[in-house]
Amino acid sequence: MQFRCAIAAALFVVLADLPQAHATAEHTYAKGEYGIISGGWAPNKRLAIAVHGEGDGAHDKFHAYLMAEPGHRRLMTLDNVNDDNILDTAPDAFHAAWSADSRYVAVTFRSERRIVTLNLYAVDDRRARLVDAPDLFRDATGRSIDRKTDGDMRTSVPALTWQAQRRFHLTDYRVFVLDDTAFADKLGPLGKATAMKDGRTTIQFSAEADGELLPDGRIRMGKPRAGQFEELE
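All of these numbers come straight from a predicted model, not from anything done at the bench.

Colleague: Please provide a residue-by-residue account of the overall build of the chain, values included.
Modeller: Per the secondary structure count, the chain includes 3 helices and 14 strands. Residue burial in the chain is summarised as follows: out of 233 residues, 49% are buried. Partitioning the intrachain contacts of the chain with sequence separation of at least 6 by distance along the chain shows that 54% fall at a separation of at least 24. Accessible area for the chain stands at about 11,800 Å²; split by element, carbon and sulfur atoms hold 47% of it.

So, in structure tokens, the structure goes:
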């Protein structure tokens with residue numbers, strides 16, 4: 001079963017309209033063109049998140065930037081958005097979720113066809129600092145996944161939505177293909193195993209939780225609970 005719709009919902013990218021062999025959203029930027037991403041305007045209208053790259057399709061020197069508005073002046077380059085970890089280059093393939101006070105922004109984008117990266121930045125004095133984003137999979141299992149080395153993870157779609165100025169809701173959906181159901185057993189209600197025709201097992205991880213940003217900059221997460229699972233064949 002395809003998970004394109006889940007990824008598109010997280011990033012506001014309509015992948016169904018893209019040819020199967022080229023299911024990426026690309027844009028070639030003019031010199032000095034910085035495209036504001038989906039949701040990129042901060043609530044205070046004085047800041048925005050924009051992207052820019054060079055060459056055909058913009059895969060050279062691609063970065064995301066914190067911009068001063070309304071003058072659309074580049075303030076700084078955001079960490080962890082670059083040639084090495086992006087799949088798409090079009091502005092609307094990236095999504096920003098700002099806190100109501102414009103002090104925090106979560107930026108999500110595809111790193112691979114079914115792998116979404118979530119970055120969280122603290123914004124202060126027109127500077128954006130990458131902070132350790134909450135990770136429900138890490139909270140539940142005690143380990144993080146490196147997308148470049150863990151070939152068992154086929155899908156990863158985290159999504160953050162703000163509920164109040166310092167409170168947010170986080171969902172984390174992942175799919176693994178393994179030889180048995182042992183991992184699903186460890187996940188308990190957060191996991192679901194489905195047998196594949198070739199004898200392997202598809203294991204879904206789906207969790208959600210509420211979180212709060214504390215005055216000292218730390219994040220306090222509530223207990224993860226089971227999220228939604230796909231019906232797999």
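Next comes the rest of the description.
Colleague: Any chance you could break down a negative patch on the surface for me, citing the residues and the numbers?
Modeller: Together, Glu54, Asp60, Asp83 and Asp84 make up a negatively charged patch on the protein surface. Aspartate 84 gets classed as exposed once you look at its relative accessible area, which sits at 60%.

Colleague: Can you lay out the environment of glycine 191 for me, pointing to particular residues and giving the numbers?
Modeller: Tracing the chain through its elements places glycine 191 in strand β11 (residues 191-195). The spatial distance from the C-alpha of glycine 191 to the C-alpha of alanine 207 is 8.6 Å, given a sequence separation of 16 residues. With near-sequence residues (within four places) excluded, glycine 191 lies in contact with Gln204 and Phe229.

Colleague: Residue-level account of unusual backbone geometry, with values.
Modeller: The omega torsion across glutamate 69 and proline 70 is 10°, close enough to zero to call that bond cis. Mapped onto the secondary structure, proline 70 falls in the loop between β3 (60-68) and β4 (73-77). Residues other than glycine seldom take positive phi values, yet histidine 72 does so here, at roughly 55°. Inspection of the secondary structure assignment puts histidine 72 in the loop between β3 and β4. The partly exposed category is assigned to histidine 72, whose relative accessible area is 29%. In this model, arginine 126 sits at a positive phi of 60°, which is unusual for a non-glycine residue. Mapped onto the fold, arginine 126 is located in the loop between β7 (115-124) and β8 (127-131). The exposure class of arginine 126 is partly exposed, given its relative accessible area of 36%.

Thresholds, definitions, all that
Residues numbered from 1 in each chain as written. Predicted model: local features only at pLDDT ≥ 70, side-chain atom pairs only at ≥ 80, totals over all residues. Heavy atoms only, no water. Helix = DSSP H or I, 4+ residues; strand = E, 2+ residues; numbered from the N terminus. Buried < 20%, exposed > 50% of the residue type's maximum accessible area, 1.4 Å probe, protein only. Contact = heavy atoms within 4.5 Å. Areas by Shrake-Rupley, 256 points an atom, 1.4 Å probe, with all protein chains shown as cover. Patch = residues over 30% accessible without salt bridge, like charges linked within 9 Å, V, L, I, M, F, W, Y side chains within 5 Å. Salt bridge = Lys/Arg side-chain N within 4 Å of Asp/Glu carboxyl O. Lys, Arg positive; Asp, Glu negative; His and termini not counted. Charge placed at Lys NZ, Arg CZ, Asp CG, Glu CD.

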